[in-house]
Amino acid sequence: MALVALTTSVLAQNWANWRGPNYDGSTTAKNLPAEFSKTNNVKWVADLPGPSAATPVIWGDHVFVSSTDLKTKTLRALALDRKSGKELWNHEVAQGFSQDNRSNLASPSPVTDGERVYFFYGTGDLVAFDFAGKQIWARNIQKDYGQFAFQWTFSTSPLLFEGRLILQVLQRDTPANGRGRKDSPNDSYLLALDPKTGKELWKHIRPSEARAESREAFTTPMPFTHLGRTELLVAGGDCISGHDPKTGEEFWRWGTWNPTRITHWRLVPSPVAAAGVVIAPAPKGEAVFAVKLGGTGTLDDSALAWTTSAEREVSSDVSSPVFYDGRFYVLNSDKKILSRVDPATGKADWLGDLGTRIKLEASPTVADGKIYMMNFKGEVFVVAAAKEFKILHVAAMGDEGDNDLRSGIAIAQGNLFIRTGSKLYCVGR
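Source: prediction; values computed, not measured.

Asks: Can you lay out the overall build of the protein for me, pointing to particular residues and giving the numbers?
Replies: Along the backbone of the protein there are two helices and 33 strands. The C-alpha radius of gyration computed for the protein amounts to 20 Å, which stays within 12% of the reference 22 Å derived for 429 residues, consistent with globular compactness. Taking the principal axes of the C-alpha coordinates as reference, the protein spans close to 50 × 50 × 50 Å. Per-residue burial for the protein yields a buried fraction of 62% across its 429 residues.

Here you go:
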């Protein structure tokens, strides 16, 4: 029991993947600041070479940042000292910057197991470093498994779980804007690699009845254990499914939020599981669907615990929901409304208007009774994770020229790590 408690404490102190130690946007950190600015409660600020939607990951005294470089138009892997913000190392991984005007090729977040850190990019480049910055191995997923067939820029983050490095590629079955395999079908798949070597452990083809852009998903698989069964929860291609982490095989599948097979419903929010259900927001301002965990095979709508179809404010087109202290929190990116949702019924305890005209697409994170989220211009909203909606603070952390900021706020070692277009702030009491 002492070892389990120690392991849990270590994980809670770190932020090893883009959704944190619980894979749901939450952590047990305490004594976090409710009020801060560019000068107040800032421990350090580090300059970054370029913008990225990737969330920083933190382990011990290392902060790992995936980034572009505006000057050289390259993709970078950085490590900073957590205590001072000093750059420890900075490696060029690949040439490239963007393929559309909405995002860039450094959007996937890195992931770490405390020994190595893994960086993945929209180019397909995947590289492993040790904490000293020495490259352990590298490979390119597009070269090895076929060019990605996406209209938009690939941005799924890798997952480390039970000794496997897991990647998700949910893509079109035909080329998009000339991108994609022309010699064979563009299968959607899950891929597990050996973290020590990069060699394939398994590959599982994930079929879909979705059409065109609706096959594209920018979600990340999320692990969860329910009644003794551990599974990877995957959302995209008009459905949600649960998979065996050991083999990738599908335990169950439910679909669809898109019965008429609309062709432009790409999916961005990752699934979140708690209290016996997994929730997945449908795209384009549609409902949130809660599927009861524990099913097997192809599920019909009797597997749904609830849906928010009658309450359209409870929706998310881009931001992933969070779970904290018995409630889901869902950020409506377009309407700028945060909702607190009962996992048993799907009913909203409250709908909170954030009072901004600027979109919020970064996924919220939560700890110490406070929800943190950032809009496109770098305004950070602090909202009480409580029975009543209350905005505790709004901090203008962005700079002139910042736009389309989507990085989540990481929480580790008692600090907030806030990424803007050109800076990383370490905020703490």
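Asks: Can you explain the nonpolar core? Please cite residues and give values.
Replies: Formed by 32 residues in total, the largest nonpolar core has its most connected members in I240, W252, W254, W257, V278, F289 and V291. Looking at this core, the elements that each hand over two or more residues are strand 10 (159-161), strand 12 (189-193), strand 15 (229-236), strand 17 (250-254), strand 19 (277-281) and strand 20 (288-292). In terms of residue count, strand 15 provides more of this core than any other element does, four residues in total.

Asks: Explain the pattern of salt bridges residue by residue, including any values.
Replies: Under the defined criterion, the tally for this structure stands at 23 salt bridges. Across the pair R116 and D113 runs a salt bridge, and its minimum N-O distance is 3.5 Å. Looking at R116, the relative accessible area reads 14%, which means it is buried. Ionic pairing is found between D238 and R261, a salt bridge with its closest N-O pair at 3.2 Å. With D238 in the loop between strand 15 and strand 16 (239-243) and R261 in the loop between strand 17 and strand 18 (272-274), this pair connects stretches of sequence that are 23 residues apart. Neither D238 nor R261 differs from the other in exposure class; each is buried. One salt-bridge network, held together by shared partners, links D334, K359, E361 and R406.

Asks: Could you give an account of the sheet that holds strand 8 (residues 125-130), naming the residues involved and the relevant values?
Replies: With antiparallel pairing, four strands are arranged side by side in an open sheet as 6-7-8-9. The open sheet terminates on both sides in strands that have one partner only, identified here as strand 6 (111-112) and strand 9 (135-140). Inspection of the sheet shows strand 7 (residues 116-120) paired to strand 8 by five bridges, in the antiparallel sense. When the sheet's bridge partners are listed, Y118 is paired in strand 8 with A128.

Asks: Explain the pairing of strand 19 residue by residue, including any values.
Replies: The buried fraction of strand 19 is high, at five of five residues. Neither face of strand 19 is exposed, since V277, I279 and P281 on one face and V278 and A280 on the opposite face are all buried. Sheet analysis places strand 18 next to strand 19, joined by three bridges and oriented antiparallel. Bridged to A273 within strand 19 is V278. Taking the residues between adjacent antiparallel strands as the criterion, strand 18 and strand 19 are bridged by two residues, where A275 takes a positive phi near 55°.

Asks: Before we move on, could you go through the pairing of strand 14 (residues 222-226) and cite the residues and values that matter?
Replies: Examined bridge by bridge, strand 14 and strand 15 share five bridges and lie antiparallel to one another. Its bridge partner being in strand 15, P223 is matched across the sheet by L232. Connecting strand 14 to the antiparallel partner strand 15 that follows it, the hairpin turn spans two residues, and L227 within it adopts a positive phi of roughly 50°.

Asks: Go over the sheet that holds strand 20, please, and point to the residues and values.
Replies: The strand order across the open sheet formed by four strands is 18-19-20-22, and the pairing between neighbours is antiparallel. Both edges of this open sheet fall to strand 18 and strand 22 (304-307), since each of them pairs with a single strand only. Strand-to-strand twist across the sheet, computed as the mean angle between neighbouring axes with direction ignored, equals 20°.

What counts and what doesn't
Residues numbered from 1 in each chain as written. Predicted model: local features only at pLDDT ≥ 70, side-chain atom pairs only at ≥ 80, totals over all residues. Heavy atoms only, no water. Helix = DSSP H or I, 4+ residues; strand = E, 2+ residues; numbered from the N terminus. Rg over C-alpha atoms; globule rule 2.2 N^0.38 Å. Buried < 20%, exposed > 50% of the residue type's maximum accessible area, 1.4 Å probe, protein only. Core = buried A, V, L, I, M, F, W, Y, C linked by side-chain atoms within 4.5 Å. Salt bridge = Lys/Arg side-chain N within 4 Å of Asp/Glu carboxyl O. Pairing = 2+ DSSP bridges. Axes fitted to C-alpha atoms, helices over the stretch in contact; angles between N-to-C directions.

These figures capture arrangement, not role.
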